[in-house]
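# Coordinate inspection notes
The primary structure of each chain is shown beneath.
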Amino acid sequence: MVSPLFPLSLQHLPLLLSILPRMPPLAGSGTALLQLSETVQAMVLTLAATAAALSSGGGNSFNTSSPLDPFDSSTSWSVSEDPSNTSSEPFLRTLTPDLQPATTAGIVQEVSPWDIALCVTGTLISCENALVIAVLFYTPTLRAPMFILIGSLAVSDLLAGLGLILNFVFTYLIDNSVEFVTLLSVGLLISAFSASVFNILAITVDRYLSLYNALTYHTERTVTFTYMMVVFIWVTCVTLGLLPALGWNCFKDQSTCSICRPVTKNNAVALAVTFLLVFALMMQLYLQICKIAFRHAQQIAVQHQFMAISTTKGVSTLSAILCAFGACWLPFAMYSIVADSSYPMIYTYATVLPATCCSVINPVIYAFRNPDIQKSLWMACCGCVPSNLSLRPRTSSDV
């Protein structure tokens, strides 16, 4: 038995199919036999060349990294014939590769669970604050300076929630490599969250003045003055959000990026230090509010017991508000000071998510606890007001 020119295996089958001819019928004239002889001779020469190529140990023609590698499992092949050949001469079957990719998983960006959590948080923030804005807008009696500040806080938190949703959309549904898209998303988030923090500070100042100047508060704190303060807050915060778009970004020098690209490290530190100053001022104001509340309780001897209980409740509430605000924002502020873009992203997500949760609890603390807003919600939902709510006295915890 004649040994084969080279050992064959199943993996060589696609290559052999590409060179096997369509054999003419054996029965016929001498011309058919001559054609068969020439065809067999050509096939033997081709097999010899193939054996030499395979025995060379993998040259350029059979490099497994080639995109047209016949033995690559990711490339599919189909047998085709030359349609232009209309003669009776035998013609070869050819193998053409199907260059369609075997899978499209490589082009689908994997969704981070942290981004999903931020998007869900943004949706919850938007729904809560949209409800607060609707109640304030459709209730004509809620036009006092305190409600104007609560409405401004709700608007800022609503924009923050929408910014989180848009950031998710820009990251996974739109080309986030475009600078304009990144600057728009970051600018909206900086403006919204900065306005949220400053509105909380404004509400704290308003609470302090309502106790410190209880007799002249309603005459000094006019609606016009409150609107002017709100406009000043928003102009300042929008300016902060426009800084990256005006050139204060790290697109040209990636080494200067902070944990929130494209905000530079210096800008991030400045924002974090500003927050720490705001937090320190809020602590001082709340401390003064507690002192004034206790002093008022001691001055009213007739209602001493009732005021002592309500004042204690108010101090506990103010302490919970301050602790919640600090727990949400302090980790992110401190991490922004010490970290930069080279730190792992998981630490950034772990500090950003609690900061966004502050906008979730703001409507509960500053809006839904207010008796007047509660009455409006009850009227809007069921058309009535509970008796215990309508007879509830106003305490320092509601301030």
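In this report, we go over the structure that sits alongside the text. (Residues numbered from 1 in each chain as written. Predicted model: local features only at pLDDT ≥ 70, side-chain atom pairs only at ≥ 80, totals over all residues. Heavy atoms only, no water.)

## Let's talk about a nonpolar patch on the surface
As a reminder, the rule being used: Here, patches come from residues exposed beyond 30% relative accessible area and free of salt bridges, joined within 9 Å for like charges and within 5 Å for nonpolar side chains (Val, Leu, Ile, Met, Phe, Trp, Tyr). In short, Shrake-Rupley with a 1.4 Å probe defines the accessible areas, and a residue's cover is counted only from the protein chains shown. The term salt bridge refers to a pairing of a side-chain nitrogen on Lys or Arg with a carboxyl oxygen on Asp or Glu at a separation within 4 Å. Each helix is a run of DSSP H or I of at least 4 residues and each strand a run of E of at least 2, with the numbering of both proceeding from the N terminus. Only protein chains enter the accessibility calculation, which uses a 1.4 Å probe; a residue whose area is less than 20% of its type maximum is buried, one above 50% is exposed, and one in between is partly exposed.
A surface patch of nonpolar side chains, about 390 Å² in accessible area, is lined by W114, Y343, I346 and Y347. Relative to the assigned elements, I346 resides in helix α10 (residues 345-368). Judged by relative accessible area, which is 46%, I346 ranks as partly exposed.

## Thoughts on the layout of surface pockets
As a reminder, the rule being used: Site definitions follow a grid-based scheme: protein atoms alone, a 1 Å grid, a 1.4 Å probe that fits but cannot get out for cavities, and for pockets an open set with protein on both sides within 12 Å along at least five of seven lines, plus lining residues having an atom within 4 Å of a point. Grid points are joined across faces, edges and corners, and a volume is the space filled by probe spheres set on the points. Classification convention: Asp, Glu, Lys, Arg as charged; Ala, Val, Leu, Ile, Met, Phe, Trp, Tyr, Cys, Pro as nonpolar; all other residues, Gly among them, as polar.
Empty space within the largest pocket amounts to approximately 1,200 Å³. If you go around the largest pocket, you meet 41 residues; those closest to its centre are L189, I259, C260, F332 and V352. Mapped by element, the contributors of at least two residues to the lining of the largest pocket are α3 (113-137), α4 (145-172), α5 (179-212), α8 (265-299), α9 (304-338) and α10. Ranked by the residues each element gives to the lining of the largest pocket, the list is headed by α5, at nine residues. Among the residues forming the lining of the largest pocket, the class breakdown is 26 nonpolar, 12 polar and three charged.

## Structural notes on helix α11 (residues 371-382)
The test is simple: Take the residue count of a helix, subtract one, and multiply by 1.5 Å to get its expected span. Whenever two N or O atoms come within 3.5 Å, that pair is a polar contact, provided that in protein one can donate a hydrogen and the other can accept it, and provided that, for residues adjacent in sequence, both atoms are side-chain atoms.
When the terminal C-alpha atoms of α11 are compared, their 16 Å separation across 12 residues agrees well with the 16 Å that a helix rising 1.5 Å per residue should span. Along α11, the residues classified as buried are P371, I373, Q374, S376 and L377. Between the side-chain oxygen at the start of α11 and the backbone nitrogen of D372 there is a gap of 2.9 Å, and the oxygen is on N370.

## Thoughts on the nonpolar core
Definition in use: The definition of a nonpolar core used throughout is a set of buried Ala, Val, Leu, Ile, Met, Phe, Trp, Tyr and Cys residues joined through side-chain atoms within 4.5 Å. The contact definition used throughout considers only heavy atoms, calling two residues in contact when any of these lie within 4.5 Å.
If you look at the biggest cluster of nonpolar residues, it comprises 62 residues, and the most contacted ones within it are I150, M282, Y286, F325, W329, Y366 and I373. When residues of this core are traced back to their parent elements, those giving at least two are α3, α4, α5, α7 (223-242), α8, α9, α10 and α11. Ignoring sequence-local partners within four residues, the contact set of I373 consists of V135, L136, L142, F147, I150 and A367.

## Considerations on the side chain of D115
Let me state the cut-off plainly: Lys and Arg are tallied as positive, Asp and Glu as negative. Neither His nor the chain termini are counted.
Within the secondary structure, D115 sits in helix α3. The charged side chain of D115 is buried without a salt bridge, its nearest counter-charge being R261 at 13 Å. Only 2.5 Å separates the side chain of D115 from the side chain of Y172, close enough to count as a polar contact. When neighbours within four sequence positions are excluded, D115 is seen to be in contact with F168, Y172 and Y349.

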